[in-house]
Amino acid sequence: MMNVAVVGSGYVGLVAGTCFAELGHKVACVDNDPKKLETLAGGGIPIYEPGLEQMVAKNVKRGRLSFTADLADAVRGAEVVFIAVGTPPGEDGAADLTYVNQVGAQIADALDAFKVIVMKSTVPIGTCDGLTRLIGAKTDQPFAVVSNPEFLREGVAINDFMRPDRIVVGASDERAIATMRKLYRPLTRGGAKLLLMDVRSSEMTKYASNSMLATRISFMNEIANLCERVGADVENVRRGMGSDSRIGRQFLRAGVGFGGSCFPKDVRALLQTAHDNGATLGILDATVKANVAQKSKLVEVVKQDLGDDLTGRQFALWGLAFKPETDDMREAPSIPLVEGLLAAGAEIVAYDPQAHETARVVFGDRITYAEDPYACLEGADGLLMITEWAEFTSPDWERVWAMMRRPAVYDGRNLWDPRELLGMGFSYRGIGRRG
Ligand code: NAD
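Because the structure is predicted, anything quoted here is derived from the model rather than measured.

Definitions and limits used
Residues numbered from 1 in each chain as written. Predicted model: local features only at pLDDT ≥ 70, side-chain atom pairs only at ≥ 80, totals over all residues. Heavy atoms only, no water. Helix = DSSP H or I, 4+ residues; strand = E, 2+ residues; numbered from the N terminus. Rg over C-alpha atoms; globule rule 2.2 N^0.38 Å. Buried < 20%, exposed > 50% of the residue type's maximum accessible area, 1.4 Å probe, protein only. Areas by Shrake-Rupley, 256 points an atom, 1.4 Å probe, with all protein chains shown as cover. Salt bridge = Lys/Arg side-chain N within 4 Å of Asp/Glu carboxyl O. 1 Å grid on protein atoms, 1.4 Å probe; cavity = no way out; pocket = protein on both sides within 12 Å on 5 of 7 lines; lining within 4 Å. Points joined across faces, edges and corners; volume = space filled by probe spheres on them. Nonpolar A, V, L, I, M, F, W, Y, C, P; charged D, E, K, R; others polar. Polar contact = N/O pair within 3.5 Å; in protein donor to acceptor, adjacent residues only side chain to side chain. Contact = heavy atoms within 4.5 Å. Near = heavy atom within 4 Å. Pairing = 2+ DSSP bridges. Right-handed = clockwise from strand over helix to strand, strands pointing away. Axes fitted to C-alpha atoms, helices over the stretch in contact; angles between N-to-C directions. Parallel < 35°, antiparallel > 145°, perpendicular 65-115°, else oblique.

Undergrad: Lay out the overall build of the chain with the relevant residues and their values.
TA: Along the chain, the regular secondary structure elements total 17 helices and 14 strands. In summary, the chain has a C-alpha radius of gyration of 23 Å against a globular reference of 22 Å for 435 residues, a match within 12%. With respect to the three principal axes, the spread of C-alpha positions in the chain is 70 × 50 × 40 Å. The buried share of the chain, reckoned over its 435 residues, is 53%. For the chain, the accessible area works out to roughly 19100 Å², and carbon and sulfur atoms hold 49% of it.

Now the structure itself:
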């Protein structure tokens, strides 16, 4: 058992803190958002993440997990202090380190003995060295800063944390390395790989990994667009490519572009790092351009069918969150899509199993939020598939058909079988598909 403090109780901090408690450590999660703390104190959780609420409740009950606004107290009671605050994009695209530096300064003020300070947030290369200087200038107490980027995916975060492909640790201090090995021992005993490396390589590993995944998505989206022109079907191409063990199956799905709280921001931040260091990342540059174009693709497709003026047209949107199993709307492809359709005069009735509250922050009452998927369809001129929640996989197509004014399906995730829909008399447009 180790005493752990986690500063920042958002997606990453709350999942990491709860999982460390589940692994037997004693964890204090810190946040400075009183609303979040109030929710957590009341037994709720401020985000939607499958399985998390139960795991939080269990560990709180066992006395291994607590929540507090008192950072100094949490730090003093801990051997290991995680920083898991947000690193949102600044105006130039570079990661904004305001929260990280604020927390670093507060930790420095609270230090009373040797602590390992672990950077879980995604931070530009060199940030941990900068933080070492910042904290060192404020305290005489011994400490070591370690990089330990997080690779969890929202929606399957607990599984990703508990069964990681790898745990990356960037550290040079021997005591800190021993602490990190001990902390993760419950996972490495079960076979998880802990990859030890220097701090800067660890920081770079996170950005390079997300950039590679984003690039695969943009690459496949461009291949899909070409498939449409040459009469190929990207779903067949994907199967053919993914069967090559050198390529692998993951992240080859064409769609409406990547979004979320990580890919767009991390790609932009790495591009800015390259720029600041006089380097060129031409491939990554193209990844961003392809993604921007892809996010408005369905609007273009709808306009090809119905003309540029969509006044009086109504569209049903299935899915708003940037991916299934989350309520996260950050940089969701639904945003430019909805804005594009609204700008052309259309009306939108949307349904998402979890994201209405978060979507309301973005769209307000400019769109209508339906109670269930079918309630969107009454009088619709098109059904747009945006987020491939499992519940959308096999709809009652007869019912869909009966409710729509114009039975047209725009399948932004290639979720459905075009032949089945065309056979029923729907018009079908997917991404890079042959009808
Ligand atoms: P988030 O916005 O959900 O959570 C950050 C939390 O930090 C918030 O609850 C906020 O109130 C709190 N906070 C901010 N300043 C604070 C302070 N001074 N003291 C105490 N608490 C403070 O962010 P997130 O999605 O958890 O991301 C955190 C970091 O992890 C980012 O760098 C992100 O890039 C990275 N990351 C995120 C994911 C993901 O899927 N969300 C995955 C891997 C890595």
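The discussion continues.
Undergrad: Residues and numbers for the pattern of salt bridges, please.
TA: Pairing is possible between side chains that carry opposite charge, provided their charged atoms lie close to one another. Counted under the stated rule, the structure contains 23 salt bridges. Between R246 and D244 there is a salt bridge; the shortest N-O distance is 2.8 Å. Since its relative accessible area comes to 73%, R246 is described here as exposed. The exposure class assigned to D244 is partly exposed, which follows from its relative accessible area of 22%.

Undergrad: Quick rundown of empty space enclosed by the protein? Include the residues and the values.
TA: Counting across every chain of the model gives one cavity of 30 Å³ or more. By volume, the largest cavity amounts to about 50 Å³. Taken together, M119, S121, T122, V123, S147, N148, P149, E203, K206 and Y207 make up the full set of residues lining the largest cavity. Examining the composition of the lining of the largest cavity, we find that three residues originate from one element, helix α9 (residues 199-230), more than from any other. Taken together, the residues that form the lining of the largest cavity break down as four nonpolar, four polar and two charged.

Undergrad: Tell me about the side chain of N59, and please be specific about residues and values.
TA: Mapped onto the elements, N59 comes out in helix α3 (residues 52-61). For N59, a relative accessible area of 0% corresponds to the buried category. Side chain to side chain, N59 and E22 meet in a polar contact 2.9 Å long. If we skip the residues at most four places from it in the chain, N59 touches T18, A21, E22, R64 and L65.

Undergrad: Residues and numbers for the site of the ligand, please.
TA: As a matter of local geometry, the ligand sits amid 28 residues, with D31, K36, T87, E154 and K265 nearest to it. T87 has a polar side-chain atom sitting 2.6 Å from an oxygen atom of the ligand. A distance of 3.5 Å separates a nitrogen atom of the ligand from a polar atom in the side chain of S261. Relative to its unbound accessible surface of 840 Å², the ligand loses 90% to contact with the protein. Going through the elements one at a time, α1 (11-22) and α5 (98-110) are the ones with two or more residues in the shell around the ligand.

Undergrad: Could you give an account of the pairing of strand β10 (residues 347-351), with specific residues and numbers?
TA: Across the five residues of β10, four count as buried, placing the element largely inside the fold. By the bridge criterion, five bridges tie strand β9 (residues 314-318) to β10 in an arrangement that is parallel. Opposite Q314, over in β10, you have E347 as the bridge partner. Handedness of the crossover joining β9 and β10 through helix α14 (residues 334-343): right-handed. Summarising the sheet, β10 and strand β11 (residues 368-369) pair through two bridges and their orientation is parallel. Looking across to β11, one finds that V349 is bridged to T368. This β-α-β element, β10 to helix α15 (residues 356-363) to β11, shows right-handed connectivity.

Undergrad: Outline helix α2 (residues 34-41), supporting the account with residue identities and numerical values.
TA: Sitting at the head of α2, D33 places a side-chain oxygen 2.9 Å from the backbone nitrogen of K35. Downstream of α2 by one or two residues, G43 has phi in the positive range, about 90 degrees.

Undergrad: An account of the sheet that holds β10 is needed here, citing residue identities and associated values.
TA: The six strands lie next to each other as β11-β10-β9-β12-β13-β14, forming an open sheet whose pairing is parallel. Two strands in the sheet have a free side with no partner beyond their single neighbour: β11 and β14 (427-429).

Undergrad: Explain the packing of helix α13 (residues 297-306) against α14 residue by residue, including any values.
TA: The geometry of α13 relative to α14 is characterised by a closest axis approach of 8 Å and an angle of 30 degrees between their N-to-C directions. One element, α13, and the other, α14, form an angle in the roughly parallel class. Mapping the contact onto sequence places L298, V299 and V302 in α13 and P336, L337, G340 and L341 in α14. Residues of the contact of α13 with α14, tallied by class, amount to six nonpolar, one polar and no charged.

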